Amino acid sequence: MRIILTVFLIVYSFCCCTSELSRDLDLDYETASKLAQLPLECMHTEYPNKLSQVLHNETEVLPPSALHPTFYGCFDWHSSVHGHWLLAKVANLFPDSQLAENITSRFAEQFTEEKVAKELVYFKTRWGKSFERTYGWAWLLKLQMELEKSEAESFQRYGQTLRPLTDYIAELYVDYLPKLAYPIRVGEHSNLAFGLIFALEYARFEGNTLLSKEIRNVSENFYSADTDCPLRYEPSGSDFLSPCLEEAELMTLVTSDSVDFTAWLSKFLPQLFSEEFVLAPGVVNDRTDGKLVHLDGLNFSRAWALYNIALRLSDAGMRARLIAVADEHILTSIDYVVGSDYAGSHWLASFLLHALETRFQLE
């Protein structure tokens with residue numbers, strides 16, 4: 001009887017942790033609404049919190065909401081930022097919905113001049129200038145762009161309120177990038193290629209030619225001559241980004257001609273051109289472990305990178321193969337976002353939404 005009960009509880013726990021998100025990979029209102037509930041719930045959840053703070057003295061020992069009054073929830077600063085991006089994206093996708101109205105109301109509380117000014121003060125300290133470099137910086141620029149793309153007057157106002165912080169982050173990019181002697185090729189937050197993708201999209205959207213120039217220079221200097229990226233060595237045990245695929249995705253933006261990009265890709269990741277190409281999704285053995293659950297995020301980020309690579313290819317067969325691999329990655333982890341442990345639920349929704357949004361561009 002005990003054995004039967006134990007088996008039942010294991011099966012029950014597995015079933016109850018699934019999200020019941022649609023597995024057809026459509027970004028419909030129901031899916032967007034379920035994903036939006038995660039940042040809506042955690043944006044004011046102050047603890048647990050990972051501050052990643054360098055203390056100058058005892059006066060800086062303050063609660064997260066005092067240090068980061070706009071982006072203090074969802075466990076850490078960058079997760080709060082991209083949680084706000086998710087909400088802005090969903091509101092823009094479904095502007096006439098009750099959900100968009102709820103998001104607008106929440107944003108009115110968060111995007112105030114006083115709160116943003118305090119965020120800016122933190123970044124202008126000696127140690128604050130490198131805070132969240134470049135991962136959180138990139139998500140902030142993506143959030144800014146999403147607010148400004150909105151047709152809603154309220155979102156336009158929120159964008160103007162946030163702009164002093166965003167402008168300063170753009171300045172930090174311009175100051176930092178020329179100092180880099182080498183690229184940062186890791187599968188976590190400091191991955192340079194990831195940090196440049198959203199920043200380059202933002203720079204082009206804003207017409208920030210200086211930022212765009214610096215990103216192009218760094219990208220061409222570090223990556224244009226790269227060959228034979230060891231994708232077979234990935235992933236590492238706590239990756240949520242693929243160093244090889246992030247670099248390839250960046251080069252889809254830097255290399256303007258599709259023929260030139262395909263030629264570069266054939267040297268950098270020649271295995272992608274094989275009809276036998278396979279890439280096994282990441283495996284997560286414990287979704288309550290904040291590092292191990294990174295691999296669910298890896299499955300989503302690999303997917304969006306593969307979709308963006310496929311968009312630049314003219315070979316229909318190769319496109320189809322890469323899309324199939326990407327779809328498999330999403331389907332491997334899609335059931336472990338909504339209803340999951342806070343170790344993953346505080347951030348995975350943004351990764352899944354971005355992957356689904358990128359996939360939609362293929363249609």
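That block above? That's the structure.
Residues numbered from 1 in each chain as written. Predicted model: local features only at pLDDT ≥ 70, side-chain atom pairs only at ≥ 80, totals over all residues. Heavy atoms only, no water.

Trainee: How would you sum up the overall build of the protein chain? Please name residues and give values.
Mentor: What the protein chain contains, in helices and strands, is 16 helices and zero strands. Dimensions of the protein chain, computed from the C-alpha atoms along their principal axes, are close to 65 × 55 × 45 Å. Across the 363 residues that make up the protein chain, the buried fraction comes to 54%. Summarising the internal contacts of the protein chain: among those between residues at least 6 apart in sequence, 75% fall at separations of at least 24. When the accessible surface of the protein chain is summed, it comes to about 16200 Å², and 54% of that surface belongs to carbon and sulfur atoms. Looking at the protein chain, you have 30 positive and 50 negative side-chain charges, and the mean spots of the two groups are 4 Å apart. (Helix = DSSP H or I, 4+ residues; strand = E, 2+ residues; numbered from the N terminus. Buried < 20%, exposed > 50% of the residue type's maximum accessible area, 1.4 Å probe, protein only. Contact = heavy atoms within 4.5 Å. Areas by Shrake-Rupley, 256 points an atom, 1.4 Å probe, with all protein chains shown as cover. Lys, Arg positive; Asp, Glu negative; His and termini not counted. Charge placed at Lys NZ, Arg CZ, Asp CG, Glu CD.)

Trainee: So what's going on with the pattern of salt bridges? Which residues, and what values?
Mentor: One side chain can pair with another of opposite charge once the charged atoms of both are near each other. One pass over the full model with this rule turns up 16 salt bridges. Its salt-bridge partner being R163, residue E148 comes within 2.1 Å of it at the nearest N-O pair. Pair noted here: E148 is in helix α7 (residues 135-149) and R163 is in helix α8 (residues 153-176), with a separation of 15 residues, a long-range link. In this structure R163 comes out as buried when scored by relative accessible area, which is 15%. In this structure, R163 and D167 form a salt bridge, with 2.7 Å as the shortest nitrogen-oxygen distance. Within this pair, R163 and its partner D167 are both found in helix α8, separated by four residues, close to a single helical turn. Relative accessible area serves as the criterion here: at 31%, D167 is assigned to the partly exposed category. Among the ionic contacts, a cluster of salt bridges with common partners joins K89, E146, K149 and E357. (Salt bridge = Lys/Arg side-chain N within 4 Å of Asp/Glu carboxyl O.)

Trainee: Let's hear about unusual backbone geometry: which residues, and what values?
Mentor: That bond from Y47 to P48 is cis: its omega, 0°, falls within 30 degrees of zero. In this structure, P48 sits in the loop between α2 (29-42) and α3 (64-67). Cis geometry marks the peptide bond from R133 to T134; its omega dihedral reads -10°. In this structure, T134 sits in the loop between α6 (113-123) and α7. With phi around 50°, S52 is a residue other than glycine that occupies positive phi space. Position of S52 among the secondary structure elements: in the loop between α2 and α3. The backbone of F75 shows a phi angle near 80°, a positive value even though the residue is not glycine. Turning to its location among the elements, F75 is positioned in the loop between α3 and α4 (77-93).

Trainee: If you had to explain the packing of aromatic side chains to someone new, which residues and values would you point to?
Mentor: Within the structure shown, the criterion is met by 29 aromatic pairs. Ring centres 5.5 Å apart and planes at 70° place the aromatic pair Y135 and F240 in the edge-to-face group. Note that Y135 is positioned in helix α7 and F240 in the loop between α10 (209-223) and α11 (243-254), a separation of 105 residues in sequence. By relative accessible area, which is 2% here, Y135 ends up buried. Given a relative accessible area of 2%, F240 falls into the buried group. The rings of F71, W77, F107, F111, Y122, F123, F131, F155 and Y158 are connected pair by pair, giving a single aromatic cluster. (Phe/Tyr/Trp six-rings, centres within 6.5 Å; stacked < 30°, edge-to-face > 60°.)

Trainee: With reference to specific residues and values, describe the environment of G297.
Mentor: Inspection of the secondary structure assignment puts G297 in helix α13 (residues 294-311). For the pair formed by G297 and R185, sequence separation is 112 residues and the distance between their alpha carbons is 17 Å. Those residues within four positions of G297 in sequence are excluded, and the remaining contacts are F240, W347, L348 and F351.

Trainee: Give a description of α8 that names residues and reports values.
Mentor: Residues that lie three or four places apart on an α-helix share one face, since the helix turns once every 3.6 residues. In this model, α8 (24 residues) spans 34 Å end to end at C-alpha, consistent with the 34 Å of a helix rising 1.5 Å per residue. Of all the bends in α8, the largest measures some 50° and sits at R163, one to four residues before the proline P164. (Expected span 1.5 Å × (residues − 1). Bend = angle between axes of the 7 residues up to and from the residue.)

Trainee: Can you break down the state of the cysteines residue by residue, with the values?
Mentor: All told, the structure shown has two disulfides when counted by the stated rule. The side chain of C42 participates in a disulfide bridge whose partner is C74; the two sulfur atoms lie 1.9 Å from each other. One quick way to see it: the torsion about the S-S bond of C42 and C74 is about 85°, and its sign makes the bridge right-handed. Taken together, the residues C42 in helix α2 and C74 in the loop between α3 and α4 connect sequence positions 32 residues apart. Of the two residues, C42 and C74, both sit in the buried class. (Disulfide = S-S within 2.5 Å.)

All we've got here are geometric facts, nothing functional implied.
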